[in-house]
Every structure is written in C-alpha cells, then in structure tokens.
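Residue-level structural notes
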Amino acid sequence: MRRHLLLLILLPLLLLFACSEKDDKTPTDTNIYGYKLEQFVAKNVVNALIDEDAPEEDDYRDLYAYEIVSADDGFSPRESAYAGYDLSWGAFREGYIVPSDNNRTYFADPSLPGAFKVRNAGIFRLYRKIDVETMDRGSKSIELKGLTLHQVENWDGIVEDAIKLSDLLQGIASYDSVQIICFDGYGEAFSYPSAAIEDGYYLLGTERTIFPTATLPNNQKKMKKVHHLIVWGSTTAQEHEFELTPHDLTDLELDVPESFSGFQSTVLEGYGTK
C-alpha cells in the first residue's frame, strides 16, 4: 500500500520534470543571414549630391561607382590584382553584408572576383562616373575625378572643376559622332561631331555640359546630369586604362552601421558553398 502511495506522489513530479526538460530544448537557427547593400545607401542622400531639389521619383544612385573598404586594414577590391575597379550601382545593390561572417560582403554573381568579398566591411565610398558605350565594341565606366581636372567658368560665370569631354574618349582612335545621354534619357534625338566634343567640358559642380566656342543649337549646349555617352562609328574598342578617383576626392563616404536593427535581413541559401 505504501509503495502505491509513493508512486502516486512521484508520478506527477516525474511528468513535470520531463515536460520542463522538453521545453528547455529550443531549436537552433542554422540559417546564414545577409543584409542587402542597397539598404545602406539612402536615395535622398545621394540625390542631394546631384540636385538638392530632385523630384521624389528620381534616383541618382546609378550615377556613381561604389568602393567597399575594410575596417580592418583599409583594403578594397580596387587594390586587388583580381579586381582593380569599383562597382556599378546595379552590381553593388545586389550584394549583402553578412554579420555572422565578420561583416563580410557577399555577391552571388559568379562573374565578380572573390576580392569583392571584403572582410569586416566598414566604409562605402561613392564616386561620380559616366559610362562610355562603343556599341558592339564594349563600354567603360569612367570615374570623373580620376581624369585631369580643369578650372572652367560655368554658365553663371563662376569657376568650378570640370573635365574635358574628349578625355572620356581616350583610347578610341576615331569615331563619327557621339550622343550625350542625360539621366532622364534626354539627348537620344541628336549627336555631336568630334569638333564639338573636343571643345566641350562637363562641369562637376553644376552637372552641366558647356562648349566655350562650338556652334551648337541651344538645346544641345547645356546637357544636365549626364549618365552616359554613346560613340558611333568607332573603329576600335576603348582599351585605355582610366585612373580611379583618389580617396580624398570621394563624393560621399558612408559608414557601415554598428547595428543592423531596423534593416531587412535575407536568408542566404548555400552561403559558404560558392
């Protein structure tokens, strides 16, 4: 009788203990999470570099090249023999930063060199660039402050930094004409002869073209927020190796946040296997 009574007393205690043990076994999350890089470059901040009164629907982030810099030793892919360049917005925005892997950047694009997997990424630097397309002969992305800077009077008679339009075409032996295409697509309806390109400048502060002596229609003189040039009739590919913008001339420097609270994370399937 006493044995039965003891079992009746102990049974509830054993069941309670078993349930407590079960509750303590919380599942472990084995996923690897990344934070898409486009979240860390605010559109309104970049827009203000080009136009403080930019319409809300405009997005000027595509006008810049992006450098990723390590907080450990200052390394960036532009210094690697396997890369040597900065990223376009289209490539940069698709990358991730992975907190569980020492804030390493990660890109799923297999065409990007491993140098872009920067350990402990700490800084993103932005550089104004213009792309030059030679149709079936390829294209170049050229950082403007990596070119020779000239002091030129702008449309208001104020001197500012400018680059020669012809410097964007270094390495192209000859061509028939050039289209200057603005951010909004303006410029697709007409083109410039080589004499006008040799005369012209792009003003880096006011984001305008200016042609000091060339005779042009009024609608072709002041091209704003230039996105790219299209070169027609080029007989060769553009092989010139352009200099990158020096660090001290960066247009914008952004620190990677210390905390990723408030940012959207994504599960990176197969991370570490690529």
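My aim in this report is to walk through the structure given alongside it, one point at a time. The structure displayed is predicted, hence computed values, not measured ones. (Residues numbered from 1 in each chain as written. Predicted model: local features only at pLDDT ≥ 70, side-chain atom pairs only at ≥ 80, totals over all residues. Heavy atoms only, no water.)

**Digging into the pattern of salt bridges**
Considering all chains together, one arrives at 16 salt bridges under this definition. For glutamate 56, the salt bridge goes to lysine 43, with nearest N and O atoms at 3.8 Å. In this pair, glutamate 56 sits in the loop between helix H2 (43–50) and strand E2 (64–70) while lysine 43 sits in helix H2, placing the two residues 13 residues apart along the sequence. Given a relative accessible area of 64%, glutamate 56 falls into the exposed group. Overall, lysine 43 belongs to the partly exposed group, its relative accessible area being 22%. Here aspartate 51 and lysine 225 are joined by a salt bridge, their closest N and O atoms 3.0 Å apart. One end of the pair, aspartate 51, is in the loop between H2 and E2; the other, lysine 225, is in the loop between helix H5 (218–221) and strand E13 (226–232), with 174 residues separating them in the sequence. The exposure class of lysine 225 is buried, given its relative accessible area of 17%. (Salt bridge = Lys/Arg side-chain N within 4 Å of Asp/Glu carboxyl O. Helix = DSSP H or I, 4+ residues; strand = E, 2+ residues; numbered from the N terminus. Buried < 20%, exposed > 50% of the residue type's maximum accessible area, 1.4 Å probe, protein only.)

**As for the sheet that holds strand E11 (residues 201–203)**
Spatially, the 4 strands line up as an open sheet ordered E8-E9-E11-E12, and their pairing is antiparallel. In this open sheet, the two strands that pair with only one neighbour each are strand E8 (150–153) and strand E12 (208–210). Within the sheet, the average angular offset between the axes of one strand and its neighbour, ignoring direction, is 45°. With 3 bridges connecting them, E11 and E12 associate as antiparallel partners. Its bridge partner being in E12, tyrosine 202 is matched across the sheet by threonine 209. (Pairing = 2+ DSSP bridges. Axes fitted to C-alpha atoms, helices over the stretch in contact; angles between N-to-C directions.)

**Some details on the packing of aromatic side chains**
Per the counting criterion, the structure on display carries 14 aromatic pairs. Plain terms: the ring middles of tyrosine 66 and tryptophan 89 are 5.3 Å apart, the flat faces sit at 40° to each other, and that makes the pair tilted. Of this pair, tyrosine 66 sits in strand E2 while tryptophan 89 sits in helix H3 (residues 89–92), and the two are 23 residues apart along the sequence. Its relative accessible area of 1% is what places tyrosine 66 among the buried residues. (Phe/Tyr/Trp six-rings, centres within 6.5 Å; stacked < 30°, edge-to-face > 60°.)

**Section: the side chain of arginine 78**
Position of arginine 78 among the secondary structure elements: in the loop between E2 and strand E3 (87–88). For arginine 78, a relative accessible area of 15% puts it in the buried group. Here the side chain of arginine 78 touches glutamate 67 through a polar contact of 3.5 Å, side chain to side chain. Of note is the side chain of arginine 78, whose polar atom sits 2.9 Å from the backbone oxygen of threonine 245. Contacts of arginine 78, omitting those with residues within four sequence positions, involve Glu67, Gly84, Tyr85, Asp86, Tyr127, Glu143, Leu244, Thr245 and His247. (Polar contact = N/O pair within 3.5 Å; in protein donor to acceptor, adjacent residues only side chain to side chain. Contact = heavy atoms within 4.5 Å.)

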